[in-house]
Each structure stands twice: as C-alpha cells, then as structure tokens.
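Breakdown of the fold
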Amino acid sequence: MKIAINGLFLQYPATGTGQYSLHLLEALAARDDGHSYNVFVDPGSFRPAGLGEGVTFREAASWPPAGAPRKLLAEQVGFPGDCRRLGAQVAHVPYFAPPLVSPCPVVTTVHDLITLLFPEYGASTAVRAYNALVSAAARRADAIIADSQHSARDIVRLLGVPEGRVRVVYLAAEPRFRPAERQEDLDGVRQRYGLPERFIFYIGGLNRHKNLGVLLQAFAAVRHQLPCAYTLAIAGRAQGGNPAVFPDLRQQARDLGLSVSEEDGNGHAGDAPCDVRFLRFVPEEDKPLLYGAADLFVFPSLYEGFGLPPLEAMACGTPVVCSNAASLPEIVGDGGLL
C-alpha cells in the first residue's frame, strides 16, 4: 500500500507527538512489510536518517507559508492535497488533527482529549473552534488509534465514535531506559544538575492538570518527617504564559515555606542547598540517568492518555508513586504505588 503520513511534528522532536512520530516511523521501517510510507514534512525540517527504503520523506508542496493559521491550513488543506497528488491509499495523522475531507481513508492517533476535558485549555474562541473542527474530523476518520483503554473510552464517550473504529496500541519505554551500569554516571548527572545524593524526581509538563501544586504541598507536609534531607527536583518547561494553564510553581513553593533554586544562564540550577530545584529542560540523553539517580519518582497527574514517565522510571529501577487517575492505573499496574 501507498501510505501518507503527516510529519508536521517531526520538527518538534522534544514534544510527545514528535517522539511518537519519530519512533513510529522507526518501527514501521523495521517491519520491512512492503508498504510505502511517504512522510510529508516542511522544507528543511528534521528528517531522521537510516530508516531504509520503505520510508520516503517528501516536501509538503501544498502547505501554506508561515502565519497564524498555518498549522490549521496545513492539516486541513495542505496534507489532503499532498495525499491526492501522491495517490495515497491511506493517510495517517499521528495526533488529534485529521483532515475533515480526505481523498483516501484516514487513520488518526488521538493521544488524549485534555483540551476537551479541562476548560482552561479551551478558553479562547479560536481554540474552541479548532477543537470543534478536529473533533468533527475525528468522528469521520475511518479508524482511531488510542494509547490506552482509558483514552479509548474517552474517545467513544466524548467524540461519539463507535467502539469498533477505535483501536488501542500501547506505548512503551525505549530500550535506553534501564538501570545504570556505572555509579560514576549517576554521580556525574547529580553534579551536573546540582542535586544532592538523595532527591525525589518529577519530569514532564508543567501544565495545571499535571497537579504539581499538590506535589509541592505534599512535599512541604512530609519533608520534616523523612529520615534525612531530600530535594524535590522538577524538570520541565512551561510551554506558555497563561497562568490558568501554567501556574507559577516557584511562587507556590515559596508560599509553602520551601526554598527554591535558581537556574544559571545555561538553564541549570546552582549548587546551593534547597528544598525544590527546577531543572527546566533536560536533554534526552540525561533522562535515564536522572531517573536512575533518584530515590523516588513521583507523577501526580490528574489525566494522562498513557503516561510514559512512570514506565520509564520503572524501567530504570526507580520506585514510582503516581496518581490513581485516568490511564495511570492501567499502565503502572502493581509496579508502582498509586
């Protein structure tokens, strides 16, 4: 079959959708199944190498020039136009934005429905209109991939999609997430990030639904009952300035009487002892070591379509505490404390 794939998020490899798109292509290429996978990308954007002859990257000829509605036009006009010119037999959009009208059957992956479940994410008229459009398009898709049974139930309930059109395909931690082989590697990552020997770790989004305010409250309540001094290390960056979506976690920590670190010019924290250390962006190569160096990984999120970080932490041999919410009990099972 000749299959077209929307590769828009390959140019954002640090995002969840970017990682999903990249590893999906790697896995499809490894199958060597005789299908032709044609990935439409922006001119000059990132293109992973070494995927083999089955995966072809094509410049998206129909995508509009830069501007505010560019993403919308690329999804709804540009990508279907490219599918038509290619003569594609199937189109796959690896995130929640399938085209409303397509020249061929459409498969879309809906990782979660956070923008529909949490009102603060749809506050503006433009966002509400976009959500309505992609919801209508998803209802018309020939098949929907969900990351978990919980997400599949949400898709059926909130979008009104028949159960038979939704398939669950679980995600997995990459093989690089495993216990560290050398103690000096763990010592080195602590030193790079100014972390003490004993610390509690979180990595992920800083959005309100990640529930980090409750994590700060819990840490403030129990830190003096712990057998020794611990630092709470929070890694991640706010992807916007809207306080309704991205609360001021530093100020919340200070209001709880917790001392907070400040990053240096490179985005890393200093060495002064503190209760809470914000690490901002963490490169992919450091993540397994930070998981492995931590005494405990905590993930208090109120909603996840899947929730990879707890799985990654467990793969590194780190104890996990996470919320008993949404898909997390399904993914973590009895491997962590819910």
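The structure displayed is predicted, hence computed values, not measured ones.

Glancing now at the overall build of the protein chain. Looking only at helices and strands, the protein chain has eleven helices and twelve strands in total. On C-alpha atoms alone, the protein chain measures out to a radius of gyration of 21 Å, which is about the 20 Å that the 2.2 N^0.38 rule sets for 338 residues. Each principal axis of the C-alpha distribution contributes one length, and for the protein chain these read about 65 × 45 × 40 Å. Evaluated residue by residue, the protein chain yields a buried proportion of 49% over its 338 residues.

Before going further, it helps to spend a moment on the side chain of Glu 75. With respect to the element layout, Glu 75 can be found in helix H2 (residues 70-86). Under the relative-accessibility criterion, Glu 75 is labelled buried at 1%. A polar contact of 2.7 Å, which involves the side chain of Glu 75, links it to the side chain of Tyr 95. Apart from the residues lying within four places of it in its own chain, the contact partners of Glu 75 are Asn 6, Leu 8, Pro 80, Tyr 95, Ala 97, Pro 99 and Tyr 130.

Before going further, it helps to examine the layout of surface pockets. The computed volume of the second largest pocket comes to approximately 250 Å³. Taken together, 13 residues form the lining of the second largest pocket, with Leu 206, Ala 238, Pro 247, Leu 249 and Arg 250 sitting closest to its centre. Put simply, the parts of the chain that give the lining of the second largest pocket at least two residues each are helix H8 (249-255) and strand E10 (276-280). Split into classes, the residues belonging to the lining of the second largest pocket amount to seven nonpolar, one polar and five charged.

As a further point, take helix H5 (residues 149-159). Residues of H5 that are buried: His 150, Ser 151, Ala 152, Asp 154, Ile 155 and Leu 159. In this structure, the buried side of H5 is in contact with strand E5 (106-110), helix H3 (114-117), helix H4 (125-140), strand E6 (143-146), strand E7 (166-168) and helix H11 (328-332). Directly beyond the C-terminal end of H5, a positive phi value near 70° is found at Gly 160.

Moving on to the sheet that holds strand E1 (residues 2-6). Taken together, the seven strands give an open sheet; going across it, the order is E3-E2-E1-E4-E5-E6-E7, and neighbouring strands pair in parallel fashion. Strands with a single pairing partner mark the edges of an open sheet, and in this sheet they are strand E3 (55-59) and E7. This sheet shows a mean twist of 25° between the axes of neighbouring strands, independent of strand direction. Alignment of E6 against E7, held across three bridges, turns out to be parallel. Looking at the pairing, Ile 145 lines up with Arg 167 of E7.

Right, let's talk about the packing of aromatic side chains for a bit. Here the distance between the centres and the angle between the planes together describe a pair of aromatic rings. Counted according to the given criterion, the structure contains 13 aromatic pairs. Summarising the aromatic geometry, the rings of Phe 118 and Tyr 121 are spaced 6.2 Å apart at their centres and angled 80° between planes, so their arrangement reads as edge-to-face. Across the pair, exposure class does not vary: Phe 118 and Tyr 121 are buried alike. Both rings, one in Phe 201 and one in Tyr 291, keep their centres 5.7 Å apart while their planes meet at 75°; by these two values the pair is edge-to-face. With Phe 201 in strand E8 (residues 199-203) and Tyr 291 in helix H9 (residues 287-293), this residue pair connects regions lying 90 residues apart in the sequence. Judged by its relative accessible area of 1%, Tyr 291 falls in the buried class. Following the ring pairs from residue to residue traces out a cluster consisting of Phe 177, Phe 199, Phe 201, Tyr 202, Tyr 291, Phe 297 and Phe 299.

All right, on to the pattern of salt bridges then. Enumeration over the complete set of coordinates arrives at 16 salt bridges. For Arg 47, the salt bridge goes to Glu 59, with nearest N and O atoms at 3.5 Å. With Arg 47 in the loop between strand E2 (36-41) and E3 and Glu 59 in strand E3, this residue pair connects regions lying twelve residues apart in the sequence. Residue Arg 85 is joined to Asp 82 by a salt bridge in which the shortest nitrogen-to-oxygen separation is 3.5 Å. Taken as a pair, Arg 85 and Asp 82 lie in helix H2 at a separation of three residues, close to a single helical turn. Its relative accessible area of 57% is what places Arg 85 among the exposed residues.

What counts, and where the lines are drawn
Residues numbered from 1 in each chain as written. Predicted model: local features only at pLDDT ≥ 70, side-chain atom pairs only at ≥ 80, totals over all residues. Heavy atoms only, no water. Helix = DSSP H or I, 4+ residues; strand = E, 2+ residues; numbered from the N terminus. Rg over C-alpha atoms; globule rule 2.2 N^0.38 Å. Buried < 20%, exposed > 50% of the residue type's maximum accessible area, 1.4 Å probe, protein only. Polar contact = N/O pair within 3.5 Å; in protein donor to acceptor, adjacent residues only side chain to side chain. Contact = heavy atoms within 4.5 Å. 1 Å grid on protein atoms, 1.4 Å probe; cavity = no way out; pocket = protein on both sides within 12 Å on 5 of 7 lines; lining within 4 Å. Points joined across faces, edges and corners; volume = space filled by probe spheres on them. Nonpolar A, V, L, I, M, F, W, Y, C, P; charged D, E, K, R; others polar. Pairing = 2+ DSSP bridges. Axes fitted to C-alpha atoms, helices over the stretch in contact; angles between N-to-C directions. Phe/Tyr/Trp six-rings, centres within 6.5 Å; stacked < 30°, edge-to-face > 60°. Salt bridge = Lys/Arg side-chain N within 4 Å of Asp/Glu carboxyl O.

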